Amino acid sequence: MTATVVLGLAWGDEGKGRVCDALAADSSYVARYSGGNNAGHTIRVGEEEFVVHLLPSGTVREGVVCTIGNGVVVSPEVLAEEVGSLEKRGFTDVRQRLKLDGRAHVIMPYHVALDRERESSLENDKLGTTNRGIGPCYEDKAARVGIRVQDVFDEKALREKLSRALSEKNCLFENVYGAEPYDADELVQWLSGYRELMEPMVADTGMILRDGLRDHQPVLLEGAQAALLDNDHGTYPFVTSSNPCIGGAITGAGIPPQEIGDVIGVTKAYATRVGDGPFPTELFDEVGETLADVGHEYGATTGRKRRCGWLDMVSTKYTAALNGVTQIALTKLDVLSAVEEIQVCVGYEVRGERVEGYPMSQTDLHDVTPVYKTLPGWGEDIAHCRMRGDLPEAARDFVEFVESEVGAPLCMISVGPERDQAIVEKPGA
Ligand code: GDP
Ligand code: IMO
Ligand code: MG
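Residues numbered from 1 in each chain as written. Chains lettered and ligands numbered in written order. Predicted model: local features only at pLDDT ≥ 70, side-chain atom pairs only at ≥ 80, totals over all residues. Heavy atoms only, no water.

Another point: the site of ligand 1. The environment of ligand 1 is formed by 18 residues, the closest being Gly15, Lys16, Gly17, Thr42 and Ser414. In this structure, Lys16 approaches ligand 1 through a main-chain N or O atom, which is 2.7 Å from an oxygen atom. The side chain of Arg18 places a nitrogen or oxygen atom 3.0 Å from a nitrogen atom of ligand 1. Isolated, ligand 1 exposes 580 Å² of accessible area, and the fraction of that covered by the protein chains is 92%. Listing elements by their share of the shell around ligand 1, those giving two or more residues are α1 (16–24) and β3 (41–45). The greatest single-element share of the shell around ligand 1, amounting to 3 residues, is contributed by α1. Taken together, the residues that form the shell around ligand 1 break down as 4 nonpolar, 7 polar and 7 charged. When we break the shell around ligand 1 down by domain, the ones giving at least three residues each are domain 1 (3–101 + 200–262) and domain 3 (267–424). (Near = heavy atom within 4 Å. Polar contact = N/O pair within 3.5 Å; in protein donor to acceptor, adjacent residues only side chain to side chain. Areas by Shrake-Rupley, 256 points an atom, 1.4 Å probe, with all protein chains shown as cover. Helix = DSSP H or I, 4+ residues; strand = E, 2+ residues; numbered from the N terminus. Nonpolar A, V, L, I, M, F, W, Y, C, P; charged D, E, K, R; others polar. Domains from an automatic or database assignment.)

As structure tokens, this is what we get:
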């Protein structure tokens, strides 16, 4: 048995939550491997909506063991909130099913404050972060002054580590941002308030997954953010501070590469981006407004309106190749029912010249003019379709076009937000 990875092919919010929820039904383990509560993964079950930010989507499936891997950054407050909220909604065994890696880093209040101070000081050059302290927490991890989950249980080490981290941080707060400094004792006190919640969850989650794979248990690795937000491969500097791509899955979950089986790339039938940065196919007209309205394109984490545009096959082919995508999940096809004609970007021109592949240069990315192929719309409701053959011909053509451009088969076409509103296919079966 190998692990299946689900990851986003664009700038996030592709519908990874609903895809993972569907796959969780047949998984023993669902693991988050990167990012933190900058994510917002939505699962609709009938009239009920669940949005998880830190916990894996598998938490809303009874019996599934869920792991928060070493590559994740953990807000203790959000951990407590999400566990509490799921318990209130009937998932009474969530604490027993949730495992938290002792190597995962903790998002401290000063990380959140630093994220906010930096963003507000950037004025017109903001990155548009989620202000959840993600960047500063990963910075401390790389700088080797981070606080890890295991430190919560060793007060002496915690105090020493905090003093070291704060000696620099407080200089920044006081001298650069004119803000209040942080006190190590208060932070120790604050963290100790989460000890009881965390203690039974702490585990070597990589070992749990490796043991599960050895015992032929199905494992699902749930990507957060997405390939174009990857710190190495995305639209830097308008990216997050982790590696949502396939490499991050291996590092952040703690399993070897040969254990990876299918890599499912999730893409919407159009494109969205929340936050700043280049977006070649962005629409500024009423078609963009229609996509935002019909697709309810408001961020699941910050509530910000998502920028909308046409599906970009240049970037999708790049991210699919980069991650070795073996299957595609195409989401929100129903939203395209609202537009008369569909454009798909099939090439880039940079300053009048056609370019091959995805530009490496940031300047080029900002100067891209998309080359479009126009496809006919279908203009009818498709929310009831459960087989590819139920789709109108133009929708089938669109789906086949995406499949052939990416060069990987579709395993899921979603036609509405609810759990059952999807066409599920088994490539190769
Ligand atoms: P994630 O971050 O990739 O998990 O995606 P989000 O949950 O942030 O955003 C996806 C949004 O689209 C959520 O509100 C979902 O309920 C919704 N959604 C997912 N699939 C579909 C679909 O096929 N059709 C429609 N109309 N909405 C969908
Ligand atoms: P899911 O998992 C969409 C974006 C932010 C910002 C950039 C950096 O729901 O797809 P950060 O707070 O990570 O330092 O912000 O990344 N971003 C997301 N956009 N979906 C997400 O997660 C995102 N996580 C981060 O908007 O542009
Ligand atoms: Mg989201």
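Resuming the write-up.
The next thing to look at is the site of ligand 2. Among the 20 residues in the neighbourhood of ligand 2, the closest are listed as Asp13, Lys16, His41, Thr130 and Thr240. Contact between ligand 2 and Gly40: an oxygen atom at 2.9 Å from a main-chain N or O atom of the residue. Between ligand 2 and Val274, the relevant distance is 3.1 Å, taken from an oxygen atom to a main-chain nitrogen or oxygen of the residue. Taking 550 Å² as the accessible area of ligand 2 by itself, protein coverage stands at 97%.

Along helix α5 (residues 134–143), the residues that are buried comprise Ile134, Gly135, Pro136, Cys137, Tyr138 and Asp140. Elements that come into contact with the buried residues of α5 comprise β6 (73–74), β8 (105–106), α4 (109–121) and α6 (155–176). Note on α5: the residue one or two positions beyond its end, Arg144, has a positive phi of about 65°. (Buried < 20%, exposed > 50% of the residue type's maximum accessible area, 1.4 Å probe, protein only. Contact = heavy atoms within 4.5 Å.)

On to the coordination of the magnesium ion (ligand 3). The magnesium ion (ligand 3) binds to the protein through Asp13 (OD) and Gly40 (O), with metal-donor distances spanning 2.0 to 2.2 Å. Taken together, the residues Asp13 in the loop between β1 (3–8) and α1 and Gly40 in the loop between β2 (29–32) and β3 connect sequence positions 27 residues apart. Judged by its relative accessible area of 22%, Asp13 falls in the partly exposed class. (Donors = N, O, S within 2.8 Å, 3.2 Å for Na, K, Ca; no water.)

On to the domain arrangement of the chain. We note that the domain assignment places domain 1 (3–101 + 200–262), domain 2 (105–195) and domain 3 (267–424) within the chain. One C-alpha centre belongs to domain 1, the other to domain 3; they are set 24 Å apart. Of the roughly 2900 Å² buried between domain 1 and domain 3 on both sides combined, carbon and sulfur atoms contribute 56%. Summed over the three residues of domain 1 that lose the most area to domain 3, namely Leu9, Trp11 and Arg18, the buried surface amounts to 28% of that side. Counting across the domain 1 and domain 3 interface gives 3 salt bridges. Here Asp13 ties to Arg306 by a salt bridge, and the two come within 3.0 Å at their closest N and O atoms. Seen at the junction of domain 1 and domain 3, the total is 18 residue pairs in polar contact (both at pLDDT 80 or more). Every element with two or more residues in the side of domain 1 that touches domain 3 is listed here: α1, β3 and β11 (260–268). Per-element tally for the side of domain 1 that touches domain 3: the top contributor is α1, with 4 residues. (Buried area = accessible area lost by both parts, 1.4 Å probe. Salt bridge = Lys/Arg side-chain N within 4 Å of Asp/Glu carboxyl O.)

This brings us to the pattern of salt bridges. By the definition in use, this model includes 30 salt bridges. A salt bridge links Asp93 to Arg97; the nearest nitrogen and oxygen atoms lie 3.1 Å apart. A residue is classified by how much of its surface remains accessible, and Arg97, at 5% relative accessible area, is buried. Put simply, Asp211 and Arg214 hold a salt bridge, and the shortest N to O gap is 3.4 Å. Placement of the pair is Asp211 and Arg214 together in helix α9 (residues 205–214), with a separation of 3 residues, close to one helical turn. Through salt bridges with shared partners, a single ionic network connects Asp13, Lys268, Glu297, Arg306 and Lys332.

So, about the sheet that holds β11. Read across the open sheet, the 10 strands follow the order β9-β7-β5-β2-β10-β1-β11-β15-β19-β20; overall the sheet is mixed. Bordering the open sheet on either side are β9 (202–203) and β20 (422–424), each of which pairs with just one other strand. Alignment of β1 against strand β10 (residues 219–222), held across 4 bridges, turns out to be parallel. Across the sheet, residue Val6 finds its bridge partner in β10, namely Glu222. The strands that α1 touches are β1, β2, β10, β11, β15 (327–331), β19 (410–414) and β20; relative to β1, the one it contacts most, it runs at about 165°. (Pairing = 2+ DSSP bridges. Axes fitted to C-alpha atoms, helices over the stretch in contact; angles between N-to-C directions.)

Right, let's talk about the side chain of Asp151 for a bit. Within the secondary structure, Asp151 sits in the loop between α5 and α6. Leave out the neighbours within four places in its chain, and Asp151 touches Gly146, Leu158 and Lys161.

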